[in-house]
Structures are given as structure tokens and as C-alpha cells.
Amino acid sequence: MTATILDGKAASAAIKAELTERVAALRERGIVPGIATVLVGADPASQLYVGMKHKQSEAIGMNSIQVELPAEATQEEVEAVIDGLNADPACHGYIVQLPLPKHIDTDAILERIDPAKDADGLHPTNLGRLVLNVNAPIHTPLPCTPRGVIELLLRNDYDLTGKEVVVVGRGVTIGRSIGLLLTRREINATVTLTHTGTADLATHLRQADVIVAAAGVKHIVRAEDVKPGAAVLDVGVTRETDPETGKSRVYGDVHPDVAEVAGFLSPNPGGVGPMTVALLMTNVVEAAERASA
Ligand SMILES: Nc1nc2c(c(=O)[nH]1)N[C@@H](CN(C=O)c1ccc(C(=O)N[C@@H](CCC(=O)O)C(=O)O)cc1)CN2
């Protein structure tokens, strides 16, 4: 079996085409949706991701505000930037690029973001609303990567109803929250969250109809642990320097051999990454629509 590729670039292009029309409709009413990012330090991967967010937002007609602070910035300096963006009417939604330097209290920063402008959907109020509300439509920002995983499957006509989903990794941007979305009534999947304390990962993986691999551990999902025909989404990233060339190489959580066993495969790169950026922009456009309703 060779897996059908879940193409995140194609799905994100479709989302961006839809957003372009929504942005144009807002602009006709005199509203220019504004996205902002806050980057603390100069991590090359974070710089790349932030750059992509601005380039793509501007391409669909949004206004973008880029705030950069040095790695030595204090908690108070980061919080002052947050307070400024909360008060800025040109900013409808923003993110603080993660990870933050170790001396910064990340939870305190995320909690300081105005929940209405929380473009990552990681504010405790927004996550709390997701916990409380399993039936009614959601009117709050949703975590971008989890939403991207689900959109990627649905836009490829993959029905998640009744499926056993195994998530690998309990990080804040994916693992912690994806179960909240997958177990909503309109999706109706069953979710197992595995992590470094899981006793026997392989046993869980072998039972999964869908695997979301977001541990950041190179090739943690191996072909022998994947049920034939399963859908596998590779989200984790490990960067290693090639000892021969000295160049940085990116590895996913999923071993390349999985393509021979899985029914569907979201590759890395080219899968969930582009969806994360598309759903971030969706969150900001929705915030602008809500603010102007
Ligand atoms: N505040 C946040 N920080 C981080 C998040 C997040 O959702 N919010 N997620 C990740 C990084 N991330 C977005 O910020 C992100 C990662 C990857 C991609 C992407 O499109 N990658 C490309 C490959 C790019 C390359 O390496 O050349 C792909 O997968 O095809 C976009 C966004 C951590 N931080």
C-alpha cells in the first residue's frame, strides 16, 4: 500500500482563497483585519515561521504588525508589548511565538493576552470555553494546529466519526487541546493522548485509525506500529545538523517507511505546517468579523 498524501499546501491554498474574499468584504466596510506577532529572541526556526505568517497574511490583504524583542527581554518588557497590542485597534488578533526564552513565564504571558485577540486559541478562557461547550457552535478562537489537523482531514473527505485517534505528545500547541476538538459532537472521534509517561506506545499506535504524531521525537512512529490503512499526520519537528555537510536537516516524528503501510499520510514538511498558518489567519479574520458585527 502507498498512502494517499494529505497535501497541506493545497488545502491551505484553498483556505487562503476563501479568506481573501472575506478580507475583501471587511475592507469594503472600512475594516482592515490586522494580525500581529511577538517574537522574543532570534531562534532561526521561529524567525522563519513568523516571517511566513506575515508574508501570507499580507498576501490575502491583511495588515500585519511585527514586534521583535531581544532574547534578554524581561517579563515586564514582554508584558508591556502584550498590553500595547491588547489596546491597539489596528490589531484584531495576535500570537506570541513559542517557545519563549526560559526566563519568561509563558503561562503568565498567554494569560495576559486579551481572549478576544488570542489568535492561537491558547488563552485559558478560550480553552475553558472549549471544555465547557461540546454542543453549541463555537464563537471563540480555536488552537491553530489542532484545527489545521481536522481541516486537513475533512477537506480530503476523511470522516472522523467513530474513529480511534491516538495523539502522540502533550505539548501546549497541539496535544493538550486537540482532544477537545476531536471529541466535539460534530466530529465524534475517540481520543487517546499518549506522552513520555505512556507505558506501551506501540500497543496504542497499533489500534489507531488515525495517528497525530506531535512529540518532536525523530521517527517515533515506525511502520511496524501502524495499522494498515490508518491515517497518519506527521506534526513533530526535530532539527539536526548533518555532520558531513554541517547543514541543518529537519526530521518528522514519522518514519518514511510508514508511507508503505498507511492509507493516508500528512507529510512533514508540506502537511500540517501550512495548515497552522492558514488557520491562524482564519482566527484573526474571524476575530475581525466578530469585532465588527
Ligand atoms: N505561538 C505559536 N508558536 C508555535 C506554534 C503555534 O501554533 N503558535 N507552532 C509551532 C511553529 N509554527 C507556528 O508558529 C509553524 C511550524 C511549521 C510551519 C510550516 O509551515 N512548516 C513548513 C516547513 C517550513 C520549513 O521548515 O521550511 C511545512 O511544514 O511545510 C508553520 C508554522 C511552534 N511554535
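None of these values were measured; they are calculated from a predicted model.

1. Let's talk about the sheet that holds strand E5 (residues 164–168)
Line of reasoning, step 1. Here six strands make up an open sheet; going across it, the order is E1-E11-E8-E7-E5-E6 and the pairing parallel. Looking along the sheet, the strands with just one partner apiece sit at the ends: strand E1 (4–5) and strand E6 (190–194).
Line of reasoning, step 2. Sheet analysis places E5 next to E6, joined by five bridges and oriented parallel. Residue pairing in the sheet places Val166 in a bridge with Thr192 of E6.
Line of reasoning, step 3. Strands strand E7 (210–213), strand E8 (231–234) and strand E11 (264–266) of the sheet are contacted by helix H6 (residues 144–154), whose axis makes an angle of about 140° with E8.

2. Here's the deal with the UniProt feature "domain: Tetrahydrofolate dehydrogenase/cyclohydrolase NAD(P)-binding" (unreviewed entry) in the protein chain
Line of reasoning, step 1. Taking the numbering used here, the UniProt-annotated feature "domain: Tetrahydrofolate dehydrogenase/cyclohydrolase NAD(P)-binding" (unreviewed entry) corresponds to residues 143–291.
Line of reasoning, step 2. Here residues 143–291 is 30% helix and 19% strand, with 19 Å between the C-alpha atoms at its ends.

3. Brief notes about helix H9 (residues 272–291)
Line of reasoning, step 1. Compared with an ideal rise of 1.5 Å per residue, which puts 20 residues at 28 Å, H9 spans 28 Å between its outermost C-alpha atoms and is within 8% of the ideal.
Line of reasoning, step 2. The element H9 is largely enclosed, with a buried count of 16 among its 20 residues.

4. Some thoughts on the packing of aromatic side chains
Line of reasoning, step 1. All told, the structure shown has one aromatic pair when counted by the stated rule.
Line of reasoning, step 2. Ring centres 5.4 Å apart and planes at 80° place the aromatic pair Tyr158 and Phe264 in the edge-to-face group. With Tyr158 in the loop between H6 and E5 and Phe264 in strand E11, this residue pair connects regions lying 106 residues apart in the sequence.
Line of reasoning, step 3. A cation sits over an aromatic face here: Lys218 above Tyr251, 4.1 Å from the ring centre.

5. Thoughts on the nonpolar core
Taken as a class, soluble globular proteins show a tendency for nonpolar side chains to be buried jointly.
Line of reasoning, step 1. With 45 residues, the main nonpolar core has Leu153, Leu160, Val210, Val212 and Leu233 as its most contacted residues.
Line of reasoning, step 2. Elements with a contribution of two residues or more to this core: helix H1 (8–28), H6, E5, helix H7 (175–182), E7, E8 and H9.
Line of reasoning, step 3. In this structure, Val212 is in contact with Val149, Val165, Val166, Val167, Val168, Ile178, Leu233 and Val235, ignoring residues within four places of it in sequence.

6. Examining the pattern of salt bridges
Once their charged atoms are close, side chains differing in charge can pair, the charge on each being opposite to the other.
Line of reasoning, step 1. Under the criterion given, the structure shown has 13 salt bridges.
Line of reasoning, step 2. Residue Glu79 pairs with Arg112 through a salt bridge whose shortest N-O separation is 3.3 Å. Here Glu79 is found in helix H3 (residues 75–87), whereas its partner Arg112 is found in helix H4 (residues 106–112), with 33 residues between them in sequence.
Line of reasoning, step 3. Here Glu79 falls in the buried class, since its relative accessible area comes to 16%.
Line of reasoning, step 4. Here Arg147 makes a salt bridge to Glu286, at a shortest N to O gap of 3.0 Å. A residue pair is termed long-range when its members are at least 10 positions apart, and Arg147 in helix H6 and Glu286 in helix H9 qualify at 139 residues.
Line of reasoning, step 5. On the basis of relative accessibility, which here comes to 16%, the residue Arg147 falls in the buried class.

The rules behind each value
Residues numbered from 1 in each chain as written. Predicted model: local features only at pLDDT ≥ 70, side-chain atom pairs only at ≥ 80, totals over all residues. Heavy atoms only, no water. Pairing = 2+ DSSP bridges. Helix = DSSP H or I, 4+ residues; strand = E, 2+ residues; numbered from the N terminus. Contact = heavy atoms within 4.5 Å. Axes fitted to C-alpha atoms, helices over the stretch in contact; angles between N-to-C directions. UniProt positions renumbered as here; feature names shortened; annotations may be inferred. Expected span 1.5 Å × (residues − 1). Buried < 20%, exposed > 50% of the residue type's maximum accessible area, 1.4 Å probe, protein only. Phe/Tyr/Trp six-rings, centres within 6.5 Å; stacked < 30°, edge-to-face > 60°. Lys NZ or Arg CZ within 6 Å of the ring centre and 35° of its normal. Core = buried A, V, L, I, M, F, W, Y, C linked by side-chain atoms within 4.5 Å. Salt bridge = Lys/Arg side-chain N within 4 Å of Asp/Glu carboxyl O.

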